[in-house]
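Here is how the chains run, residue by residue.
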Amino acid sequence: MNKFQELEKIGIDEKTKKILLIKIDKSSGGNKLDSLKNNFKESNHIFELLLILEELNKIGSWEELLKYSKIAIDRVQTKKNAIPYCTALTNLGKSSDVLIFLDSYPEFKVESEYLNFLYALALFNIGKINESKLILDVMNVYDNNTCGLFINLIIASGDWEQLHALIEKVLENKNKLNPNLLLQMAKIAQIISSKRSKL
């Protein structure tokens, strides 16, 4: 009987099981990911699978995340399982697969701003600039992900007038944004301003 089965036998809730599993793995000095994989192999329980997805996403092991998230999404088609699956596809450069999957489950884009962002990013990656921008405009969300994509869309389209509107939105949300992104935007604005002064 593995650690997970022992915890199930006790009858404790899943949140407590998760906390205890992590503590047990740390105290044993073993490899947490290997331990989770072994436990899943024995139990075939969705709880173990979700813990594996969290760990793989944390370390950026995209090939493995794709493998295990595909198992999860094949079992239960939910937003929660779709997020790691689409994240893996995106990081592996499989933009067309992201579009195909989310077109098959359009409700996930409604339920999750992040999945909607990944859809917009996939459109941008295959050259559909206007379609990508339209999604971002409708979302009206200004975080590290969307602002980064907005910048790329502006550069790709050459419509520099949009940058001023974006900067205004960024200033309204600057406390939520990555300092590196803010610095990048400041540099782009400075370059544009310099070019205009020479005209």
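See the structure printed just above.
First, a word on what this report is: a plain description of the structure on this page.

About the thresholds
- Residues numbered from 1 in each chain as written.
- Predicted model: local features only at pLDDT ≥ 70, side-chain atom pairs only at ≥ 80, totals over all residues.
- Heavy atoms only, no water.
- Helix = DSSP H or I, 4+ residues; strand = E, 2+ residues; numbered from the N terminus.
- Buried < 20%, exposed > 50% of the residue type's maximum accessible area, 1.4 Å probe, protein only.
- Contact = heavy atoms within 4.5 Å.
- Areas by Shrake-Rupley, 256 points an atom, 1.4 Å probe, with all protein chains shown as cover.
- Core = buried A, V, L, I, M, F, W, Y, C linked by side-chain atoms within 4.5 Å.
- Salt bridge = Lys/Arg side-chain N within 4 Å of Asp/Glu carboxyl O.
- Phe/Tyr/Trp six-rings, centres within 6.5 Å; stacked < 30°, edge-to-face > 60°.
- Axes fitted to C-alpha atoms, helices over the stretch in contact; angles between N-to-C directions.
- Parallel < 35°, antiparallel > 145°, perpendicular 65-115°, else oblique.
- Nonpolar A, V, L, I, M, F, W, Y, C, P; charged D, E, K, R; others polar.

**A short note on the overall build of the protein chain**
Argument step 1. In terms of helices and strands, the protein chain carries 13 helices and zero strands.
Argument step 2. Reading the helices (α) and strands (β) of the protein chain from amino to carboxyl end gives α-α-α-α-α-α-α-α-α-α-α-α-α.
Argument step 3. Residues counted as buried form 39% of the 199 residues belonging to the protein chain.
Argument step 4. A sequence separation of at least 24 residues applies to 49% of the contacts in the protein chain between residues at least 6 apart.
Argument step 5. As displayed, the protein chain has an accessible area near 11400 Å², and 52% of this comes from carbon and sulfur atoms.

**Examining the nonpolar core**
Argument step 1. Judged by nonpolar contacts, the single largest core of 51 residues is most densely connected at Phe101, Leu149 and Leu166.
Argument step 2. The element that contributes the greatest number of residues to this core is helix 9 (residues 113-125), accounting for nine residues.
Argument step 3. When residues no more than four places from it in sequence are discounted, the contact partners of Leu149 are Phe117, Ala120, Leu121, Phe124, Ser132 and Leu136.

**Quick word on the pattern of salt bridges**
Argument step 1. In the structure shown here, the tally under the stated rule is six salt bridges.
Argument step 2. Of the charged contacts in the structure, one is a salt bridge between Lys37 and Glu64, with a shortest N-O distance of 2.3 Å. Of this pair, Lys37 sits in helix 3 (residues 32-43) while Glu64 sits in helix 5 (residues 62-75), and the two are 27 residues apart along the sequence.
Argument step 3. Given a relative accessible area of 17%, Lys37 falls into the buried group.
Argument step 4. Accessibility expressed as a relative area gives 26% for Glu64, which makes it partly exposed.
Argument step 5. Asp74 is the partner of Lys70 in a salt bridge, and the nearest nitrogen-oxygen pair spans 2.9 Å. Remark: Asp74 and Lys70 occur in helix 5; sequence separation between them is four residues, near one turn of the helix.
Argument step 6. Given a relative accessible area of 49%, Asp74 falls into the partly exposed group.
Argument step 7. Overlapping salt bridges bring together Lys32, Glu55 and Lys58 as one network.

**Overview of the packing of aromatic side chains**
Argument step 1. Under the criterion given, the structure shown has seven aromatic pairs.
Argument step 2. Here the aromatic residues Tyr85, Phe101, Tyr105 and Phe108 are joined through ring pairs into a cluster of three or more.

**Comments concerning the environment of Leu66**
Argument step 1. Its location among the elements puts Leu66 in helix 5.
Argument step 2. Each C-alpha atom, one on Leu66 and one on Leu56, is 9.4 Å from the other, the two residues being ten residues apart in sequence.
Argument step 3. Aside from chain neighbours lying at most four places away, what touches Leu66 is Tyr85, Ala88, Leu89, Leu92 and Lys94.

**Examining the packing of helix 11 (residues 144-157) against helix 12 (residues 161-172)**
Argument step 1. It is the contact of helix 11 with helix 12, at a shortest axis distance of 10 Å, that shows an interaxial angle of 170°. Between helix 11 and helix 12, the angle falls in the class roughly antiparallel. For the pair helix 11 and helix 12, the contacting residues are Cys147, Phe150, Ile151, Ile154 and Ser157 in the first and Gln162, Leu163, Leu166 and Val170 in the second.
Argument step 2. Counted by class, the contact of helix 11 with helix 12 contains seven nonpolar, two polar and no charged residues.

**Quick look at unusual backbone geometry**
Argument step 1. Of note, Asn44 is a non-glycine position whose phi angle comes to about 55°, a positive value.
Argument step 2. Turning to its location among the elements, Asn44 is positioned in the loop between helix 3 and helix 4 (46-59).
Argument step 3. Of note in the backbone geometry, Asn140 takes a positive phi value of approximately 55° without being a glycine.
Argument step 4. Along the chain, the position of Asn140 falls in the loop between helix 10 (129-139) and helix 11.

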